[in-house]
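# Remarks on the overall topology
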Amino acid sequence: MQTQVALVTGAADGIGWAMARRFAAAGCCVALADLDHDRTAARAAELGDRHLAVRADVADEASAIAMVEETVARLGRLDILVNNAGIGDSHKPTLEQDLATFDRILRVHLDGTFVASREAARAMAGQGGAILNVSSIAGLTGLPRRNAYGAAKAGIVAMTKSMACEWAGAGIRVNAIAPGYVGTALVAKLFEAGRIDRGRLERRIPLGRLADPAEIAEAAWFLCSPSASYVTGAVLSVDGGWSAY
Ligand code: NAD
């Protein structure tokens, strides 16, 4: 079988970096895309010279288009796209939130997922592929003060289902994962700012702990791999039981 090419956005750190490692371990050539280019280049070098670092801002249409073009030009094709790049929100009460921050959160998550998916589907035309979007428990359940982030992540669920139906005939599967709280910089910032109490949070999670990024990457690889050949339009909760509680 031809070597699969996977493009992972937000791959310089956290869940995206864990995914890049997992996809490389499965034999994929991985394009790691991120705003933070120095870090991405170091990560790609750590994986080996078959892998590629791409400078990209997924919230910028021209940059997201160039990201897919560069991946195809340098790695020869595109089989898998993971729309993982994301930012947290201020966690402020809604009455203290401003529209510019709200818009920025929607832009990174929704515009980024839309444009990158559209470009990937063009690149996958005639061959098929898999797209995985990263939602969150915030897109499935109500988390106080997280209305912008929740709206973005719920929008990603709707986009996943819409694109899955539209592109099934082209052999492109589109799925989402909805992680709970994961031990990354995004969550560390919330603990440091005193916005969330870690002990209280862990008591709320049925499995009693945060996820390791590698556990999210494992679910991501399953959905993008041939093992999930009959799965499309699905949203897989990887949340230690949070959304079942
Ligand atoms: P992180 O902050 O550790 O890493 C995110 C990466 O995305 C960073 O390397 C950052 O530079 C990059 N990035 C941010 N904006 C970008 C942009 N516009 N273009 C390109 N790259 C950009 O975050 P994480 O915790 O690994 O989160 C990854 C994804 O998982 C996000 O979509 C996040 O919303 C989602 N998620 C995280 C958690 C969690 O608990 N950490 C839970 C549910 C969902």
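Now for a look at the structure at hand. (Residues numbered from 1 in each chain as written. Predicted model: local features only at pLDDT ≥ 70, side-chain atom pairs only at ≥ 80, totals over all residues. Heavy atoms only, no water.)

### A look at the nonpolar core
Ranked by size, the top nonpolar core spans 31 residues in total, and within it M19, F23, V30, I80, V82, I177 and I216 carry the most contacts. Of all the secondary structure elements, the ones that give two or more residues to this core are β1 (5–9), α1 (14–25), β2 (29–34), β4 (80–83), β5 (129–134) and α8 (213–224). Once residues lying within four places of it in the same chain are set aside, the contact partners of I80 are Q4, V5, A6, L7, F23, C28, M124, A130, W221 and C224. Counting residues in hydrophobic clusters, the runner-up holds 27 residues, among them A31, V54, A56 and M67. (Core = buried A, V, L, I, M, F, W, Y, C linked by side-chain atoms within 4.5 Å. Buried < 20%, exposed > 50% of the residue type's maximum accessible area, 1.4 Å probe, protein only. Helix = DSSP H or I, 4+ residues; strand = E, 2+ residues; numbered from the N terminus. Contact = heavy atoms within 4.5 Å.)

### Some details on the pairing of strand β6 (residues 172–179)
In terms of burial, β6 is largely enclosed, as eight of its eight residues are buried. Here β6 shows two buried faces, one formed by I172, V174, A176 and A178 and the other by R173, N175, I177 and P179. Bridge count between β5 and β6: six bridges; the pairing is parallel. Looking at β6, one finds that L132 is bridged to N175. For the crossover that starts at β5, traverses helix α5 (residues 147–167) and ends in the parallel β6, the hand is right-handed. (Pairing = 2+ DSSP bridges. Right-handed = clockwise from strand over helix to strand, strands pointing away.)

### Some thoughts on the sheet that holds β6
Two orientations exist for strands paired in a sheet by backbone hydrogen bonds: parallel and antiparallel. Here seven strands make up an open sheet; going across it, the order is β3-β2-β1-β4-β5-β6-β7 and the pairing parallel. A single partner strand is all that each edge strand has here, and the edge strands are β3 (52–55) and β7 (235–238). Strand-to-strand, the axes of this sheet are offset by a mean angle of 20°, without reference to chain direction. The sheet contacts of helix α4 (residues 99–124) involve β4, β5 and β6, and relative to β4 the element is tilted by about 180°. Across the face of the sheet, α8 comes into contact with β4, β5, β6 and β7 while running at roughly 160° to β6. (Axes fitted to C-alpha atoms, helices over the stretch in contact; angles between N-to-C directions.)

### Comments concerning helix α2 (residues 37–47)
Buried residues of α2: T40, R43 and A44, and no others. Summarising the axial view, the buried residues of α2 lie within an arc of 100°, below the 170-degree limit, and thus occupy one face. Summarising the geometry of α2, the exposed residues directed more than 90 degrees from the buried face are D38, A45 and E46. Tucked inside the fold, the buried residues of α2 contact α1, β2 and β3. Two or three places before R39, at the start of α2, stands the capping residue D36, its side-chain oxygen 3.3 Å from that residue's backbone nitrogen. Phi for G48, located one or two positions after α2, is positive at around 125°. (Arc of directions from axis to C-beta. Polar contact = N/O pair within 3.5 Å; in protein donor to acceptor, adjacent residues only side chain to side chain.)

### A short note on the site of the ligand
In the neighbourhood of the ligand, 29 residues make up the surrounding shell, with D34, N84, Y149, V182 and T184 lying closest. Separating an oxygen atom of the ligand from a side-chain N or O atom of Y149 is a distance of 2.5 Å. Between the ligand and K153 there is a distance of 3.0 Å, counted from an oxygen atom to a side-chain nitrogen or oxygen. Within the complex, the protein chains bury 93% of what would otherwise be the 830 Å² of accessible surface of the ligand. At the level of elements, α1, α5 and α6 (185–192) are the ones that each hand at least two residues to the shell around the ligand. Ranked by residue count, the leading element in the shell around the ligand is α6, at three residues. (Near = heavy atom within 4 Å. Areas by Shrake-Rupley, 256 points an atom, 1.4 Å probe, with all protein chains shown as cover.)

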